[in-house]
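An overview of the molecular structure
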Amino acid sequence: MKLILYSKQGCCLCEGLLTKLQAVKKVVFELEIRDITTSSDWFDRYQYEIPVLCVLNDRQQEQELPRFPPRSPVTKLEELLQRYQ
């Protein structure tokens, strides 16, 4: 599974989600981190929404995953990701 994390430097919510993603053990995935400040399209779309986590489907189209609450444990993130494998 391939995941894309839209984020930007200095965003504590983005850093928190990245830390939780790095702690996931039950789901195998490849993670691409996209800094929204490097693309005006990404910035316009996500500037008020980051962090945004997407999964690439079989047709290589991005599907946004539901927003993950920052205080939720890693086990809840694993459950969320397992639904999209």
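Look up: the structure comes first, before these words.
What comes next concerns the included structure. Here, residues in each chain are numbered from 1, in the same order as that chain's written sequence. Only residues with pLDDT of at least 70 are given local features in this predicted model, and only at 80 or more are side-chain atom pairs given and counted; all residues enter the totals for whole chains, interfaces and linings. Excluded from the side-chain calculation are hydrogens and water; included are all heavy atoms of the structure.

To continue, consider the nonpolar core. To qualify as a nonpolar core, a set must consist of buried Ala, Val, Leu, Ile, Met, Phe, Trp, Tyr and Cys residues joined through side-chain atoms within 4.5 Å. Relative accessibility decides the category of a residue: with a 1.4 Å probe and only protein chains considered, values under 20% of the type maximum give buried, values over 50% give exposed, and everything between is partly exposed. Leu3, Leu17, Leu21, Leu53, Leu65, Leu77 and Leu81 are the most contacted members of the largest nonpolar core, which totals 13 residues. Broken down by element, the residue count for this core peaks at three residues, all from helix H3 (residues 74-82). Sequence-distant contacts of Leu65, that is, excluding residues within four places in its chain, are made with Leu3, Leu53, Cys54, Val55, Leu81 and Tyr84. One finds Cys11, Cys14, Ile50 and Leu56 within the second-largest nonpolar core, a separate group that totals 10 residues. Secondary structure elements follow DSSP: runs of H or I no shorter than four residues count as helices, runs of E no shorter than two count as strands, and numbering proceeds from the N terminus. Residue contacts are defined here by distance: any two heavy atoms, one from each residue, within 4.5 Å place the two residues in contact.

Put simply, Ile50 and Pro51 share a cis peptide bond, and its omega is 0 degrees. Inspection of the secondary structure puts Pro51 in the loop between helix H2 (40-46) and strand S3 (52-56). One non-glycine residue with positive phi stands out, namely Gln60, at about 65 degrees. Following the sequence through the fold, Gln60 ends up in the loop between S3 and strand S4 (62-64).

The end-to-end C-alpha distance of helix H1 (residues 12-23), which contains 12 residues, comes to 17 Å, matching closely the 16 Å that a straight helix rising 1.5 Å per residue would cover. Where the residues of H1 are buried, they touch strand S1 (2-7), strand S2 (30-35), S3 and H3. Expected span of a helix, by definition, is 1.5 Å for each gap between consecutive residues, and there is one gap fewer than residues.

By definition here, a salt bridge exists when the distance from a side-chain nitrogen of Lys or Arg to a carboxyl oxygen of Asp or Glu is within 4 Å. Per the counting criterion, the structure on display carries seven salt bridges. Among the salt bridges present, the one from Arg34 reaches Glu62, with a minimum N-O distance of 2.8 Å. Placement of the pair is Arg34 in strand S2 and Glu62 in strand S4, with a sequence separation of 28 residues. By relative accessible area, which is 16% here, Arg34 ends up buried. Look at Glu62 and you get partly exposed, because its relative accessible area is 34%. For Arg45, the salt bridge goes to Glu64, with nearest N and O atoms at 3.3 Å. Within this pair, whereas Arg45 is found in helix H2, its partner Glu64 is found in strand S4, the two being separated by 19 residues in sequence. In this structure Glu64 comes out as partly exposed when scored by relative accessible area, which is 40%. The structure contains a network of salt bridges with shared partners spanning Lys2, Glu30, Glu32, Arg34 and Glu62.

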